[in-house]
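Architecture at a glance
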Amino acid sequence: MTEFTATVTVRLKRGVLDPEAETTKKALERLGFELSALRSADRFELDLEAEDAEAAETRADEMAERLLANPTIHDYDVAVAER
Amino acid sequence: MTVSVVQFGGSNCDRDAVRALRHLGIDAERRWHEDGLPAEPDGIVLPGGFSYGDYLRAGAMAARAPVMAEVREAAEAGVPVLGVCNGAQIGSESGLTPGAFTTNASARFQCEPVHLRVERADTPWTAAYDEGDVIEVPIAHGEGRFEIEADAHDELVDEGRVLFRYCDEAGAVTDEANPNGSTDNVAGVLGERETVAVLMPHPERATLPDVATSTDGAGILRAFA
């Protein structure tokens, strides 16, 4: 078994309104910054033990499917690195 | 008939739901989620509140609590299940009903009376109304914007599973009357069975004449009678 960190990044699908990101962008503009868009995402770092990177990714993928992301509104990606 | 009102940590409309149901002569009791449901539940309410502090997403944690397996089983057996506000979020997060409820377009928590158009009167939840009736029921949520993928939305409409839409006082379904930016003004939907429904507005807060400006919500709760 090897120790891995699987990083799951969950973001709203393109086209799904993100009022929080919009509000944050406005606040940055109020501070005098210039930007054309702001997108936010949630990042989960999962430390786990697995046979290999593929097994670690599969498990993290299932976690994203079953809880971390809501497939109706979210896309997600998983990146695995040895710890 | 005893309706089980499932109480999670952070539920805060469970007492209101019990009181509103009893006012209508329907027996109801709170059930702490860890105690599970009775062996043969007669009816289930998933009440409003902020279960698990809305961690991750509103309803996400409660939707995965063990009691929800019992709720799903009961729903599949035809037991009436109503999700209100946070209960609606729990219902959609658990897959009992389609779509998702997410951050209001205004990015604000909104607590106000709204008007709903009854889209179907031939369900247990709306038998007290006529199709096209306009009822006044309050909302109180920050994450009530109904989102659904385009194909699933078409299916929902085709199958007649939209139960309530936000509308103006005259019953017109307009953007102005949409308090939270919900897709197609959807305020409440049916599950795969007509005995399962969720809605963001609070019928239990529009039932008791002593505390509510409207008692239009009572008809929804009468489904349990």
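Conventions adopted
Residues numbered from 1 in each chain as written. Chains lettered and ligands numbered in written order. Predicted model: local features only at pLDDT ≥ 70, side-chain atom pairs only at ≥ 80, totals over all residues. Heavy atoms only, no water. Helix = DSSP H or I, 4+ residues; strand = E, 2+ residues; numbered from the N terminus. Rg over C-alpha atoms; globule rule 2.2 N^0.38 Å. Buried < 20%, exposed > 50% of the residue type's maximum accessible area, 1.4 Å probe, protein only. Contact = heavy atoms within 4.5 Å. Pairing = 2+ DSSP bridges. Axes fitted to C-alpha atoms, helices over the stretch in contact; angles between N-to-C directions. 1 Å grid on protein atoms, 1.4 Å probe; cavity = no way out; pocket = protein on both sides within 12 Å on 5 of 7 lines; lining within 4 Å. Points joined across faces, edges and corners; volume = space filled by probe spheres on them. Nonpolar A, V, L, I, M, F, W, Y, C, P; charged D, E, K, R; others polar. Salt bridge = Lys/Arg side-chain N within 4 Å of Asp/Glu carboxyl O. Phe/Tyr/Trp six-rings, centres within 6.5 Å; stacked < 30°, edge-to-face > 60°. Buried area = accessible area lost by both parts, 1.4 Å probe.

**Brief notes about the overall build of chain B**
- A tally of regular secondary structure across chain B gives six helices and 11 strands.
- Here the C-alpha radius of gyration of chain B, 16 Å, is about what a compact globule of 225 residues would show, namely 17 Å.
- C-alpha atoms of chain B, sized along the principal axes, occupy 45 × 35 × 30 Å.
- Counting every position in chain B, which comprises 225 residues, the buried fraction comes to 58%.
- Contacts in chain B between residues at least 24 apart in sequence constitute 74% of all its contacts with a sequence separation of at least 6.

**Examining the sheet that holds strand β1 (residues 2-12) of chain A**
All names here are of chain A.
- Taking strand neighbours across the sheet as the criterion, the three strands line up as β2-β1-β3 in an open arrangement whose pairing is antiparallel. Pairing within the sheet leaves two strands with one partner each, and these edge strands are β2 (41-50) and β3 (74-82). For this sheet, the mean angle separating the axes of adjacent strands, direction not counted, is 20 degrees.
- As paired elements, β1 and β3 share nine bridges and run antiparallel to each other. Looking at the pairing, valine 8 lines up with valine 78 of β3.

**Some remarks on the layout of surface pockets**
- Here the largest pocket defines a volume of roughly 440 Å³.
- For the lining of the largest pocket, the secondary structure elements donating two or more residues are β1, α1 (19-30) and β2 of chain A together with α4 (86-93) and β5 (100-102) of chain B.
- Considering only residue class, the lining of the largest pocket consists of 10 nonpolar, seven polar and nine charged.

**Section: the pattern of salt bridges**
- Enumeration over the complete set of coordinates arrives at 17 salt bridges over all chains.
- Between lysine 25 of chain A and glutamate 29 of chain A there is a salt bridge, and its shortest N-O distance comes to 3.0 Å. You can see lysine 25 of chain A and its partner glutamate 29 of chain A sitting in helix α1, four residues apart, about one turn around the helix.
- For lysine 25 of chain A, a relative accessible area of 13% corresponds to the buried category.
- Exposure remark for glutamate 29 of chain A: the relative accessible area of 35% places this residue in the partly exposed category.
- In this structure, the salt-bridge partner of arginine 31 of chain B is glutamate 29 of chain B, at a minimum N-O distance of 3.2 Å.
- Through salt bridges with shared partners, a single ionic network connects Arg117, Glu119, Arg165 and Asp184 of chain B.

**Some details on the packing of aromatic side chains**
All names here are of chain B.
- Tallied over the full model, the rule gives four aromatic pairs over all chains.
- Between phenylalanine 8 and tyrosine 52, the ring centres sit 6.5 Å apart and the planes meet at 50 degrees, which makes this aromatic pair tilted. Of the two residues, phenylalanine 8 is situated in the loop between β1 (2-7) and α1 (14-23) and tyrosine 52 in the loop between β3 (43-46) and α2 (60-63); the sequence distance between them amounts to 44 residues.
- On the numbers, 6.2 Å between centres and 35 degrees between planes, the contact of phenylalanine 50 with phenylalanine 109 is tilted. Here the residue phenylalanine 50 occupies a position in the loop between β3 and α2, and phenylalanine 109 occupies one in the loop between β5 and β6 (110-118), the gap between them amounting to 59 residues.
- In this structure phenylalanine 50 comes out as partly exposed when scored by relative accessible area, which is 37%.
- For phenylalanine 109, a relative accessible area of 47% corresponds to the partly exposed category.

**A few points about the pairing of strand β9 (residues 162-167) of chain B**
Residue and element names in this part refer to chain B.
- Counting buried positions along β9 yields six of six residues, so the element is predominantly enclosed.
- Bridging between β6 and β9 involves four bridges; their strand directions are antiparallel. Within the sheet, the bridge partner assigned to histidine 115 lies in β9 and is cysteine 167.
- Note: β9 against strand β10 (residues 186-190), three bridges, orientation antiparallel. When the sheet's bridge partners are listed, valine 162 is paired in β10 with valine 189.

**A look at the interface of chain A and chain B**
- Facing 16 residues of chain A, the contacting portion of chain B comprises 16 residues.
- The junction of chain A with chain B conceals about 1,200 Å² of combined surface from both sides, 61% of it contributed by carbon and sulfur atoms.
- On the chain A side of the contact with chain B, Pro19, Leu67 and Thr72 of chain A bury the most area, a combined 39% of that side's loss.
- We note a salt bridge from lysine 13 of chain A to glutamate 149 of chain B, for which the minimum N-O separation is 2.5 Å.

**Re the sheet that holds strand β4 (residues 81-84) of chain B**
Residue and element names in this part refer to chain B.
- Pairing is mixed across the open sheet formed by nine strands, whose spatial order is β2-β1-β3-β4-β11-β10-β9-β6-β7. Of all strands in the sheet, those bounded by a partner on one side alone are β2 (27-32) and β7 (134-141). Averaged over all adjacent pairs, the angle separating strand axes in this sheet is 25 degrees, with direction ignored.
- The sheet strands contacting helix α3 (residues 67-76) are β1, β3, β4 and β11 (196-199), and the helix crosses β3 at an angle near 135 degrees.
- In the packing of α4 onto the sheet, the strands contacted are β3, β4 and β11, and the crossing angle to β4 comes to about 120 degrees.

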